[in-house]
Every structure is written in C-alpha cells, then in structure tokens.
Amino acid sequence: MAQDLSFNPVIKKNINLETPIIDPEFETLRSKFNGYHIYVAGHVLVYQSYNDFFEKSGVYLDQLFVRNCYRGLGFGKMLFSAVASDAASNGMGMVDSLVADWNEKSMKFTRKWELITFLNIDFANCMAATLQLWGADMYSHHGNW
C-alpha cells in the first residue's frame, strides 16, 4: 500500500502583520499548496514519550525553531501551542523538552510562557492542566499572535 506523503498543515491560519517581513530567503523557502504560496517561518520536531512516574504518554519536543526574520512575532508560541493542543486532544499528560543553559533565547522563551523548569539545564515540562490552557490559547487569538 502506498503511503500518503501529501502535506497536511497542522496550523491553518492567515496571519496579518502590521509591517512586512523582510525575508532574504523567501524564494528558497517558498512552496505552493492548494494554489497558495506557503513560506517556512520555522519548524517543530516532536515524538511520543512515556513518563513512568506519571504513568502517562506525553510528547518530547526535540526542536522548536523559528527563523530570525520571523522571531518576536508569536510564531514560537503558535508552534508550541499546536504541539500542546495536539498532546491534550490525544489525552497525553505532558510536553517535555531540554533547553541548554547556553541557549539564552530558548531559556527566555520557556520562562516567558511560565513552563515548569527543573535543574540548571531547564528541563521544560508542560503538564496536563497547562496543556489544556495552551491548546485553548491556540484558538483564542484569531490570527493575532
């Protein structure tokens, strides 16, 4: 049986920005989907995990990256909200991630959004109750991130 490799966007939002984004790589990172031009602002890489202590499946967020020209516009929050929403809707108990102490921007992001952190490496953990809030938050902005 052939595997379906078609693109299915998780976040389906039109974002209206007050000022245009100057993207020096817009031609390189542009695609077409259903007649619309799609520009890559960032990506998130996750995989399913399991926590023995809580006896519940979760998501391990391995990478969350937003390209420089798109930073500060809410795209990181939008990506994390999509992960949290998907985890919550699938009955998962948490989203875990490791943030290196030298990565000041990532550490600032986890602290800004009040993710639970442990140790000096900022083990960011978003528990079940917070997942619901993040998931709800994804739909409350109506494109204004």
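Rules and cut-offs
Within any chain, residue numbers begin from 1 and follow the written order of that chain's sequence. Per-residue local features are limited, in this predicted model, to residues with pLDDT of at least 70; the limit for side-chain atom pairs, both in listing and counting, is 80 or more; totals at the level of whole chains, interfaces and linings are taken over all residues. Each side-chain value is worked out from all heavy atoms of the structure, with water and hydrogens disregarded. The secondary structure listing takes helices from DSSP runs of H or I that are at least 4 residues long and strands from runs of E that are at least 2 residues long, numbered from the N terminus. Each residue is placed in one exposure class: buried if its accessible area under a 1.4 Å probe, protein chains only, is under 20% of its type's maximum, exposed if it is over 50%, and partly exposed if it falls in between. Should any heavy atoms of two residues lie within 4.5 Å, those residues are considered in contact. Using a 1.4 Å probe, accessible areas were evaluated by the Shrake-Rupley method; residue-level cover was limited to the displayed protein chains. A 3.5 Å cut-off defines polar contacts: any pair of N or O atoms within that distance qualifies, except that in protein one atom must be a possible hydrogen donor and the other a possible acceptor, and neighbouring residues in sequence count only when both atoms are side-chain atoms. Each residue carries a pLDDT score, the predictor's own confidence in it, on a scale running from 0 to 100. Here, a salt bridge means any side-chain nitrogen of Lys or Arg that lies within 4 Å of a carboxyl oxygen of Asp or Glu. The term nonpolar core refers to a set of buried residues drawn from Ala, Val, Leu, Ile, Met, Phe, Trp, Tyr and Cys, joined through side-chain atoms within 4.5 Å. Here a pair means two rings of Phe, Tyr or Trp (six-membered ring of Trp) with centres within 6.5 Å. Their orientation is stacked below 30 degrees between planes, edge-to-face above 60, and tilted elsewhere. Any two strands with at least two DSSP-identified bridges between them are counted as paired.

(A) Local environment of the overall build of the protein. Per the secondary structure count, the protein includes three helices and seven strands. In sequence order, the protein lays out its α and β elements as β-β-β-β-α-β-α-β-β-α. Within the protein, buried positions represent 32% of all 145 residues. For the protein, long-range pairs separated by at least 24 residues make up 60% of all intrachain contacts whose partners lie at least 6 apart in sequence. Of the accessible surface of the protein, which amounts to about 10,200 Å², a share of 55% is contributed by carbon and sulfur atoms.

(B) Quick peek at the environment of Glu-25. Within the secondary structure, Glu-25 sits in the segment before β1 (30–33). You can call Glu-25 partly exposed: its relative accessible area is 41%. Put simply, Glu-25 and Val-40 are 15 residues apart on the chain and 9.6 Å apart in space, counted from C-alpha to C-alpha. A polar side-chain atom of Glu-25 sits 3.1 Å from a polar atom in the side chain of Arg-67.

(C) Fine view of the confidence of the model for the protein. Taken over all residues, the pLDDT of the protein has a mean of 76, while the share at 70 or more is 69%. Throughout residues 119–123 the model reports pLDDT below 50, and contacts reaching past four residues in sequence, or to other chains, amount to 17 contacts.

(D) Here's a closer look at the pattern of salt bridges. As enumerated under the stated definition, the model contains three salt bridges in all. Two residues, Asp-23 and Arg-67, come together in a salt bridge whose shortest N-O distance is 2.6 Å. Here Asp-23 is found in the segment before β1, whereas its partner Arg-67 is found in the loop between β4 (56–66) and α1 (75–89), with 44 residues between them in sequence. Asp-23 gets classed as buried once you look at its relative accessible area, which sits at 8%.

(E) Spotlight on the nonpolar core. Core analysis: the biggest nonpolar cluster contains eight residues, these being Val-59, Leu-61, Phe-80, Val-83, Ala-84, Ala-87, Met-92 and Val-95. Looking at this core, the elements that each hand over two or more residues are β4 and α1. Looking at this core, the element that brings in the most residues is α1, giving four residues. Listed in part, the six residues of the second largest apolar core include Ala-41, Val-66, Tyr-70 and Leu-79.

(F) How the structure looks around the packing of aromatic side chains. By the definition in use, this model includes two aromatic pairs. Each ring, one from Tyr-47 and one from Tyr-60, has its centre 5.3 Å from the other, and the planes form 40°; the classification is tilted. Note that Tyr-47 is positioned in strand β3 (residues 42–51) and Tyr-60 in strand β4, a separation of 13 residues in sequence. We classify Tyr-47 as partly exposed; its relative accessible area is 45%. Ring centres 5.6 Å apart and planes at 90° place the aromatic pair Tyr-70 and Phe-75 in the edge-to-face group. Comparing Tyr-70 with Phe-75, the two get one shared label, buried.

(G) Region of the structure containing the pairing of strand β2 (residues 36–39). Judged from the four bridges that link them, β1 and β2 form a sheet pairing that is antiparallel. Across the sheet, Lys-32 pairs through a bridge with His-37, a residue of β2. Taking the residues that link successive antiparallel strands as the turn, the β1-β2 hairpin has two residues, and the phi of Asn-34 there is positive, at about 50°.

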